[in-house]
Amino acid sequence: MPLTHRGREIVGRLPHDVAIGRGIGCEIVRHEELCVGCGTCAKNCPSGASRRGDTFDVNQLLSAPADSRRGALGAALQRIARHAPARVIAVPERVTVFRTIFYDEEECLGCGACARNCPVEAIEARPAVVPAAPAAESTS
Amino acid sequence: MSGARVEAPAAKPAGAKNSAAKPGAAKRGGKAVTPNTGERTIVAFCCSECAYAAADAAANARASLPPTVRLVLMPCTGRVSPLHLLSALADGADGAMVAGCLEGQCHYREGNFQAIDRVAFVQRLLESVGVEPERVRMFTMSAGDPPRFVAAVREMDRVIGSLPPLGRA
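Basis of the calculations
- Residues numbered from 1 in each chain as written.
- Chains lettered and ligands numbered in written order.
- Predicted model: local features only at pLDDT ≥ 70, side-chain atom pairs only at ≥ 80, totals over all residues.
- Heavy atoms only, no water.
- Helix = DSSP H or I, 4+ residues; strand = E, 2+ residues; numbered from the N terminus.
- Contact = heavy atoms within 4.5 Å.
- Areas by Shrake-Rupley, 256 points an atom, 1.4 Å probe, with all protein chains shown as cover.
- 1 Å grid on protein atoms, 1.4 Å probe; cavity = no way out; pocket = protein on both sides within 12 Å on 5 of 7 lines; lining within 4 Å.
- Points joined across faces, edges and corners; volume = space filled by probe spheres on them.
- Nonpolar A, V, L, I, M, F, W, Y, C, P; charged D, E, K, R; others polar.
- Phe/Tyr/Trp six-rings, centres within 6.5 Å; stacked < 30°, edge-to-face > 60°.
- Buried < 20%, exposed > 50% of the residue type's maximum accessible area, 1.4 Å probe, protein only.
- Disulfide = S-S within 2.5 Å.
- Pairing = 2+ DSSP bridges.
- Axes fitted to C-alpha atoms, helices over the stretch in contact; angles between N-to-C directions.
- Left-handed = near helix turned anticlockwise from the far one by under 90°.
- Buried area = accessible area lost by both parts, 1.4 Å probe.
- Salt bridge = Lys/Arg side-chain N within 4 Å of Asp/Glu carboxyl O.
- Polar contact = N/O pair within 3.5 Å; in protein donor to acceptor, adjacent residues only side chain to side chain.
- Right-handed = clockwise from strand over helix to strand, strands pointing away.
- Patch = residues over 30% accessible without salt bridge, like charges linked within 9 Å, V, L, I, M, F, W, Y side chains within 5 Å.
- Lys, Arg positive; Asp, Glu negative; His and termini not counted.
- Charge placed at Lys NZ, Arg CZ, Asp CG, Glu CD.

Concerning the overall build of chain A
Phase 1: Along chain A, the regular secondary structure elements total 7 helices and 6 strands.
Phase 2: When the helices and strands of chain A are read in sequence order from the N terminus, they spell out α-α-β-α-β-β-α-α-β-β-α-β-α.
Phase 3: Counting contacts in chain A only where the partners sit at least 6 residues apart, residues at least 24 apart contribute 78% of the total.
Phase 4: When the accessible surface of chain A is totalled, it reaches about 8,200 Å², and 54% of it is carbon and sulfur.

Spelled out as structure tokens, the structure:
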């Protein structure tokens, strides 16, 4: 997917040597077990790397931590389940959470907009690992 | 979880308070989740603007409701989350119904539309683990229509009665 207007703006603000290629920013670490599937990251993503799906994998509920709301839902579902949930289900339009978020690492710019806007802090933006050599040059 | 949270505290203090005066009340308060005939329990999440008022009017008109239904007052059906419905089923109810306003007449504009979609989502969740999706249902009615509320509860009671019991792990 090409860059959006906002994505171009972000790239334009960066120093030229950093903006080359993909590694312009942070390393994005996603904690899938904390994600509630609201799609705020997809809404704020300038490059289209995060996408909010229309489906939901029921097994995500069962793997969520027990003290979260998703975990409570998964525990309740497991108590009444007759067999293991095998299917991916479609999510109705007005159900805003409970969606699988697709994340494409190739498209990601590492701007950290998703991490800043995530309501449950399921995304972490760590300092970039790639531009280590230019940083060493500038300090010497 | 929430279903039990709504019912259990209401049942326990009542049993404790009345135990000296009425022995029957203490017996009823002892069983927190299914205090009635032991057949089945249906939890009805009712919107305070319409369905609960309809239930009130039905009670004033002395219409008889099935003894299996438990009414839970909600400010709006938009407050009902999938966790409310699923935890009601997991904690002892055999069915859960959501009773809200007629479409387009929600006091908060679109709470009942959200409830309709959430109920559909829970139905799909139940279907994916092999449980009958009819255990969760959405009804819409207006405040001035008590017969419709009574009919909805009876319909739900009939459907749940025809289903095999829900096995719980």
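A look at empty space enclosed by the protein
Residue and element names in this part refer to chain A.
Phase 1: All chains considered together, the criterion is met by 4 cavities of 30 Å³ or more.
Phase 2: In this structure, the largest cavity occupies an estimated 100 Å³ of space.
Phase 3: If you add up the space inside the second largest cavity, you get close to 70 Å³.
Phase 4: Together, 14 residues line the second largest cavity, and Ile28, Cys45, Cys108, Cys111 and Cys114 are the ones closest to its centre.
Phase 5: Split by residue class, the lining of the second largest cavity holds 10 nonpolar, 4 polar and no charged.

Concerning the packing of aromatic side chains
Phase 1: Counted according to the given criterion, the structure contains 3 aromatic pairs over all chains.
Phase 2: Relative to Phe98(A), the ring of Phe56(A) has its centre 5.9 Å away and its plane inclined at 75 degrees; by these criteria the two rings are edge-to-face. Of the two residues, Phe56(A) is situated in strand E3 (residues 55-57) and Phe98(A) in the loop between strand E4 (88-90) and strand E5 (101-103); the sequence distance between them amounts to 42 residues. Neither residue differs from the other here; Phe56(A) and Phe98(A) are each classed as buried.
Phase 3: Counting every residue linked through ring pairs, the aromatic cluster contains Phe56(A), Phe98(A) and Phe121(B).

Observations regarding the state of the cysteines
Residue and element names in this part refer to chain A.
Phase 1: Summed over all chains, the structure comprises 0 disulfides over all chains.
Phase 2: Just so you know, Cys41 is unpaired, no disulfide at all, and the nearest cysteine sulfur is the one on Cys35, 6.2 Å from it.
Phase 3: Judged by its relative accessible area of 8%, Cys41 falls in the buried class.
Phase 4: Of the cysteine sulfurs around Cys45, a residue in no disulfide, the closest is that of Cys111, at 6.2 Å.
Phase 5: Accessibility expressed as a relative area gives 18% for Cys45, which makes it buried.

Focus: the sheet that holds strand E3 (residues 95-100) of chain B
One key point about sheets: their strands pair by backbone hydrogen bonds, in either a parallel or an antiparallel sense.
Residue and element names in this part refer to chain B.
Phase 1: One open sheet holds the 4 strands; their spatial order is E2-E1-E3-E4, and the pairing between them is parallel. The open sheet is flanked by strand E2 (69-74) and strand E4 (136-140), the only strands paired with a single partner. Shown here is a sheet whose adjacent strand axes are inclined to one another by a mean of 20 degrees, direction ignored.
Phase 2: Both strand E1 (residues 42-47) and E3 contribute to a ladder of 5 bridges, which runs parallel. Bridge pairing in E3 places Ala44 opposite Met97.
Phase 3: Set on the sheet, helix H3 (residues 51-60) makes contact with E1, E2 and E3; between it and E1 the angle comes to about 110 degrees.

Observations regarding the packing of helix H5 (residues 69-80) of chain A against helix H4 (residues 82-90) of chain B
Phase 1: With their axes 8 Å apart at the nearest point, H5(A) and H4(B) run at an angle of 35 degrees to one another. As for how H5(A) packs across H4(B), the hand of that crossing is left-handed. Residues Arg69(A), Ala72(A), Leu73(A), Ala76(A), Leu77(A), Arg79(A) and Ile80(A) of H5(A) lie in contact with H4(B), whose contacting residues are Pro82(B), Leu83(B), Leu86(B), Ser87(B), Leu89(B) and Ala90(B).

Topic: the interface of chain A and chain B
Phase 1: Listed by partner, the interface residues are 26 residues for chain A and 32 residues for chain B.
Phase 2: Interface area for chain A against chain B, summed over the two sides, is near 2,400 Å², with a carbon-plus-sulfur share of 64%.
Phase 3: When the area that chain A buries against chain B is broken down by residue, the three leading residues are Ile80(A), Arg82(A) and Arg94(A), summing to 31%.
Phase 4: Summed over the shared surface of chain A and chain B, the number is 3 salt bridges.
Phase 5: Of the charged contacts in the structure, one is a salt bridge between Glu110(B) and Arg94(A), with a shortest N-O distance of 2.8 Å.
Phase 6: Counting across the interface, chain A meets chain B through 11 residue pairs in polar contact (both at pLDDT 80 or more).
Phase 7: At the level of elements, H5 and E4 of chain A are the ones that each hand at least two residues to the side of chain A that touches chain B.
Phase 8: Element by element, the count of residues in the side of chain A that touches chain B is highest for H5(A), at 8 residues.

Details of the pairing of E2(B)
All names here are of chain B.
Phase 1: Here E1 pairs with E2 via 6 bridges, running parallel. Of the residues in E2, the one forming a bridge with Cys47 is Met74.
Phase 2: Between E1 and its parallel partner E2, the chain crosses via H3, and the hand of that crossover is right-handed.

So, a negative patch on the surface
Phase 1: Where like charges cluster on the molecular surface, the negative patch consists of Glu27(A), Asp104(A), Glu105(A) and Glu106(A).
Phase 2: Looking at the secondary structure, you find Glu105(A) in the loop between E5 and helix H6 (113-117).

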